[in-house]
Amino acid sequence: MSNQLKRIYEFGPFRLDAAERLLLRDGAAVPLTPKVFDLLLALVEHHGHLLEKDELMKTVWRDTVVEEANLSANISILRKVLGENGQQFIETMPKRGYRFVGEVREMAGNANQFAEEPPGSQEQAQFPVLSDKPAASSAVASERVRRRERLAWIVSAVFALVALIAIIGYFRQAPIVARSIRAFIPPPENARFHFAGKDPGPVVVSPDGRHLAFVASTPGGKTLIWVRPLDALTAQPLASTEGASSPFWSPDGQWLGFFVGTMLKKIEVSGGPVLKLCDLDSPGNTGTWSRDDVIIFATTTFHDPLYRVSASGGAPSAATKLDESQREVNHQFPYFLPDGRHFLYLATRGQGAERFTAGIYVASLDNQVKKLLLHDSSNVAYGSGYLLFGRGRALMAQPFDTERLELTGEAFTIVDQVRRTTPRRAVFSVSENGVLIHQTGPAVADSQLVWFDRAGKRLGLLGDPAYYRDADLSPDGKKVAVDIRDTRHDRQDIWLYDVANGLKTRFTLDSIPGAVSLWSPDGSRIIYCSNRKGPFNLYQRAANGAGAEESLVESNLTKYPTSWSRDGRFVLYYTYSDPKTKADLWALPMFGERKPFPFLQTEAMEVHGEFSPMGAHVAYTSDESRQSEVYLRPFPGPGGKQQVSIAGGRFPRWRGDGKELFYLAADNKLMAAEVNIKGSALEIGAVKALFETLPAQQGRDFDVMADGQRFLVNTLVKDLESSPVTLVVNWTADLKR
């Protein structure tokens, strides 16, 4: 070991110590993940030379086969770490690889010389030059200064230790008062938190309280998982996690589980490939990971229990069972207790006046026995002897005995105004050792109905900010039917806005709220759904509120109306809850016996069907390619399909004359596809982006006037996505004061 050389490289303001795996900038440590450090070291060691992509991937990921996307993502992270110099240091050779082009000063020294230096050696120590580039004498001098500084720190540490012993002796006679520490954590630079809407990822703290993970979006609309060590100043994105949602930690804090559409995946936090664990019947929602490597997760399907799967992958199976005697319709937000066998979850009910009445339960992996703990409607977590959950606008804590599985005290408020991204999901997370993270804000993420022209210019607002879903323009464009959630009373109603003056009136007036409205072609009636009998069934009523409600379709499957043919003869709706075919498109004749029939029923999810103005075709969204795309198909058939969207799409809407089809792309750009009408056939022409949106992603996010010139978009209130989260270390300390 005495002759081992310590490799040190200097470039610009940076100093790279290979042996210590340390990068300094102007003397300050720069945090790097292991893979990013390996990548930087490989580039610097071969500075001036092109490194092929395959060679780099084999060097950095020696024992793992990864995709090229991992390399490009880590190069991007590295350039960002190097700051404005990142581009000038690392040169991209298109389709080949990368080259470090910055001037590098290479130095080396005996690895032990700093530990065992004979007297006077400080004045004689030199670093041998390993390249033909001279080492700067100033670097030698600076190294001497650093060694003296290290000696000074050692002396200071000795004195500090002596002082600490004295302090401990003093406080043996006086109790130490523990205090909590608070700080704000902003979103990453040039990015926004993505806690709400499609593919959300509220912040979660690791079990040891040392790291945060969350989903954030870049200016281009790309969403990734980011990880921030609490001892670092910045967060870094994890490569190959585009489109991820709801990350959750492994018990040892080394892995993150997450969802991408209808897949459950995991990734090593220190860097590595994304590993697929299983396919899901519907998009995933939230998950939890036990000490025995069992994952329990929930889906977004309204009528689903919880599922379990091994952390190493396999076929998922049911972890809970919906209790029909309690009219349960959904289980959500699983959370393992410390023993790794029991878990918490939220159950919701959906019938009659008890619609959405919920309860927080504890259950076991070993049997189907469950126990009601709280009559509250929120995600739930456990930490430091307390259950944490939302109640109204507050974040509550209540003492809990994990051995007896019993509450041992009264609930009390720990945060007055915690943000909720949905009526049941409060933004908070807690570690086992007293680290709490939360975001303050409105009880539910507000959105705003905003008018845009084709260029994306804001033309005006409709109504005040609220929790909107599924806005639908009347055929004459004079009214808008929209769902509005009343978070105080936990109900959702359909309201009608007058476009001209912005006034609104409530359409659903009885004790049973409704949702997802659909106008008749002449604007005289509205179809909607309600779950007064369990699953959502279809009803219709006069748009002016006169007359009695009429039942249209009742069954054990949840149903959502999406389109009414212009001739008034057919209504399209899609169903959920069939485990074999997921979501399907059905057609309801509005004449004769009104017997529904399946229009599209495959193993893929087909949703949001829209009749063309002529009624001979239906545009719809399907995930048959493993991502949502917009397709076109003749109605009622037969005939093949045409793909409309280019790289992801959803929520198709027609222009009044049928010559354009609009949809939202995967990056939330509003797209317009030309449609050429040739007799009874339709051909898709050019597809172009109109403007970028920030949709609330709660149901159908936009509608369009018949002339295709004005768009009404349900838009998220931006301030919340750029607001910081609050970090509280030792949060229970305040309870003892």
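Up top is the structure.
Residues numbered from 1 in each chain as written. Predicted model: local features only at pLDDT ≥ 70, side-chain atom pairs only at ≥ 80, totals over all residues. Heavy atoms only, no water.

Enquirer: Would you mind going over the overall build of the chain in detail, with residue names and values included?
Expert: A tally of regular secondary structure across the chain gives seven helices and 60 strands. The buried share of the chain, reckoned over its 737 residues, is 53%. The long-range fraction of contacts in the chain, counting pairs at least 24 apart against all pairs at least 6 apart in sequence, stands at 44%. Working note: accessible area of the chain is about 32,800 Å², and carbon and sulfur atoms make up 52% of it. (Helix = DSSP H or I, 4+ residues; strand = E, 2+ residues; numbered from the N terminus. Buried < 20%, exposed > 50% of the residue type's maximum accessible area, 1.4 Å probe, protein only. Contact = heavy atoms within 4.5 Å. Areas by Shrake-Rupley, 256 points an atom, 1.4 Å probe, with all protein chains shown as cover.)

Enquirer: Mind laying out the pattern of salt bridges, listing which residues take part and the relevant values?
Expert: On inspection of all chains with the given rule, the structure shows 30 salt bridges. Arg15 is the partner of Glu10 in a salt bridge, and the nearest nitrogen-oxygen pair spans 2.2 Å. Glu10 sits in the buried class, given a relative accessible area of 8%. Of the residues examined, Arg15 reaches a relative accessible area of 9% and is grouped as buried. Across the salt bridge formed by Glu660 and Arg454, the nearest N and O atoms sit 2.9 Å from each other. With Glu660 in strand 55 (residues 660-665) and Arg454 in the loop between strand 36 (447-453) and strand 37 (458-466), the pair connects residues that are 206 residues apart, well separated along the chain. Each of Arg469, Asp470, Asp472, Glu610, Arg653, Arg700 and Asp703 takes part in salt bridges that share partners, so that together they form one network. (Salt bridge = Lys/Arg side-chain N within 4 Å of Asp/Glu carboxyl O.)

Enquirer: Describe in detail the pairing of strand 7 (residues 97-100), supporting the description with residues and values.
Expert: Two faces, one strand: in a regular strand the side chains alternate between the faces of the sheet. One ladder, built from three bridges, connects strand 5 (residues 50-52) with strand 7; its direction is antiparallel. Counterpart to Leu50 in the pairing with strand 7 is Arg99. For strand 6 (residues 90-93) and strand 7, the ladder comprises four bridges, and the chain directions are antiparallel. Bridge pairing in strand 7 links Ile90 to Phe100. Here strand 6 folds back onto strand 7, and the loop between the two strands holds three residues, one of which, Lys95, carries a positive phi near 65°. (Pairing = 2+ DSSP bridges.)

Enquirer: Provide a residue-level description of the packing of aromatic side chains, including the pertinent values.
Expert: Under the defined criterion, the tally for this structure stands at 31 aromatic pairs. A connected cluster of aromatic rings, assembled from ring pairs, spans Phe570, Phe591, Phe597, Phe599, Phe611 and Phe635. Here Lys504 stacks its cationic end above the ring of Trp495, 4.6 Å away from the centre of that ring. Residue placement shows Arg710 over the ring face of Trp451; its charged tip is 4.2 Å from the ring centre. (Phe/Tyr/Trp six-rings, centres within 6.5 Å; stacked < 30°, edge-to-face > 60°. Lys NZ or Arg CZ within 6 Å of the ring centre and 35° of its normal.)

Enquirer: So what's going on with helix 1 (residues 34-45)? Residues and values would help.
Expert: The terminal C-alpha atoms of helix 1 lie 16 Å apart, and with 12 residues this matches the ideal 16 Å at 1.5 Å per residue to within 8%. Extensive coverage of helix 1 is indicated by the burial of 10 of its 12 residues. Looking only at helix 1, the buried set comprises Lys35, Val36, Phe37, Asp38, Leu39, Leu40, Leu41, Ala42, Leu43 and Val44. (Expected span 1.5 Å × (residues − 1).)

Enquirer: Outline the sheet that holds strand 34 (residues 428-430), supporting the account with residue identities and numerical values.
Expert: Pairing is antiparallel across the open sheet formed by four strands, whose spatial order is 9-60-35-34. Looking along the sheet, the strands with just one partner apiece sit at the ends: strand 9 (181-185) and strand 34. Each strand of the sheet is rotated relative to its neighbour by a mean of 15°, with strand direction disregarded. Pairing of strand 34 with strand 35 (residues 435-438) involves three bridges; the strand directions are antiparallel. Counterpart to Val430 in the pairing with strand 35 is Leu436. (Axes fitted to C-alpha atoms, helices over the stretch in contact; angles between N-to-C directions.)

Enquirer: I'd like a description of the packing of helix 1 against helix 2 (residues 53-60), backed by residues and values.
Expert: Their axes nearest at 9 Å, the elements helix 1 and helix 2 cross at an angle of 130°. Comparing their axes, helix 2 and helix 1 come out oblique. In the packing of helix 1 onto helix 2, the handedness of the crossing is right-handed. Residues Lys35, Asp38, Leu39, Ala42 and Leu43 of helix 1 pack against Leu56, Thr59 and Val60 of helix 2. Looking at the contact of helix 1 with helix 2 residue by residue, the classes come out as five nonpolar, one polar and two charged. (Parallel < 35°, antiparallel > 145°, perpendicular 65-115°, else oblique. Left-handed = near helix turned anticlockwise from the far one by under 90°. Nonpolar A, V, L, I, M, F, W, Y, C, P; charged D, E, K, R; others polar.)

Enquirer: Let's hear about the layout of surface pockets: which residues, and what values?
Expert: One water molecule sets the probe size; rolling that probe over the atoms shows where empty space is left. By volume, the second largest pocket is sized at about 780 Å³. Lining the second largest pocket are 30 residues, and of these Lys80, Trp226, Ala235, Gln236 and Pro237 lie nearest its centre. Looking at the lining of the second largest pocket element by element, the count peaks at five residues for helix 3 (residues 68-81). Of the residues belonging to the lining of the second largest pocket, the class tally is 19 nonpolar, five polar and six charged. (1 Å grid on protein atoms, 1.4 Å probe; cavity = no way out; pocket = protein on both sides within 12 Å on 5 of 7 lines; lining within 4 Å. Points joined across faces, edges and corners; volume = space filled by probe spheres on them.)

Enquirer: Summarise the side chain of Lys35; cite the residues concerned and give the values.
Expert: Among the structural elements, Lys35 can be located in helix 1. In contact with Lys35, not counting residues within four places along its chain, are Val60, Trp61, Asn74, Ser270, Gly271 and Gly272.

Enquirer: Provide a residue-level description of the side chain of Ser180, including the pertinent values.
Expert: Considering the arrangement of structural elements, one finds Ser180 in the loop between helix 6 (137-171) and strand 9. The buried category is assigned to Ser180, whose relative accessible area is 16%. A polar side-chain atom of Ser180 sits 2.9 Å from a polar atom in the side chain of Arg182. Not counting residues within four places of it along the chain, the set of residues in contact with Ser180 comprises Val728, Val729, Asn730, Trp731, Ala733 and Asp734. (Polar contact = N/O pair within 3.5 Å; in protein donor to acceptor, adjacent residues only side chain to side chain.)

Enquirer: Report on the sheet that holds strand 42 (residues 515-519), specifying residues and quantitative values.
Expert: Across the sheet, which stays open at both edges, the four strands sit in the order 42-43-44-45 with antiparallel pairing between neighbours. Two strands in the sheet have a free side with no partner beyond their single neighbour: strand 42 and strand 45 (550-553). Pairwise comparison of adjacent strand axes, ignoring direction, gives a mean angle of 30° for this sheet. Direction of pairing for strand 43 (residues 525-530) relative to strand 44 (residues 537-542): antiparallel, over a ladder of six bridges. Its bridge partner being in strand 44, Cys529 is matched across the sheet by Leu538.

Enquirer: Residue-level account of unusual backbone geometry, with values.
Expert: Cis geometry is found at the peptide bond from Phe635 to Pro636, where omega equals -5°. In this model, Gly637 is joined to Pro638 through a cis peptide bond whose omega is 0°. One non-glycine residue, Asn190, lies in the positive phi region at around 60°. Within the secondary structure, Asn190 sits in the loop between strand 9 and strand 10 (192-193). Residues other than glycine seldom take positive phi values, yet Phe651 does so here, at roughly 55°. Along the chain, Phe651 turns up in strand 54 (residues 649-654). For Phe651, a relative accessible area of 10% corresponds to the buried category.

Enquirer: Describe empty space enclosed by the protein, listing the residues and the values that go with them.
Expert: Tallied over the full model, the rule gives three cavities of 30 Å³ or more. Forming the boundary of the largest cavity are 35 residues, of which Val204, Gly287, Thr288, Tyr335 and Ser429 lie nearest the centre. Counted by class, the lining of the largest cavity contains 22 nonpolar, 10 polar and three charged residues. Each pocket or cavity is described by its volume, and for the second largest cavity that value is around 130 Å³. If you go around the second largest cavity, you meet 16 residues; those closest to its centre are Asn74, Pro237, Leu238, Ala239 and Gly271. Secondary-structure elements contributing two or more residues to the lining of the second largest cavity are helix 1, helix 3 and strand 14 (236-237). Top element by residues in the lining of the second largest cavity is helix 3. It accounts for three residues.

Enquirer: Which residues make up the pairing of strand 54, and what are the values?
Expert: Of all six residues in strand 54, six are buried, a share of seventy percent or more. Taken together, the four bridges between strand 54 and strand 55 define a ladder with antiparallel strand orientation. Counted as the bridge partner of Arg653 is Phe662 from strand 55.

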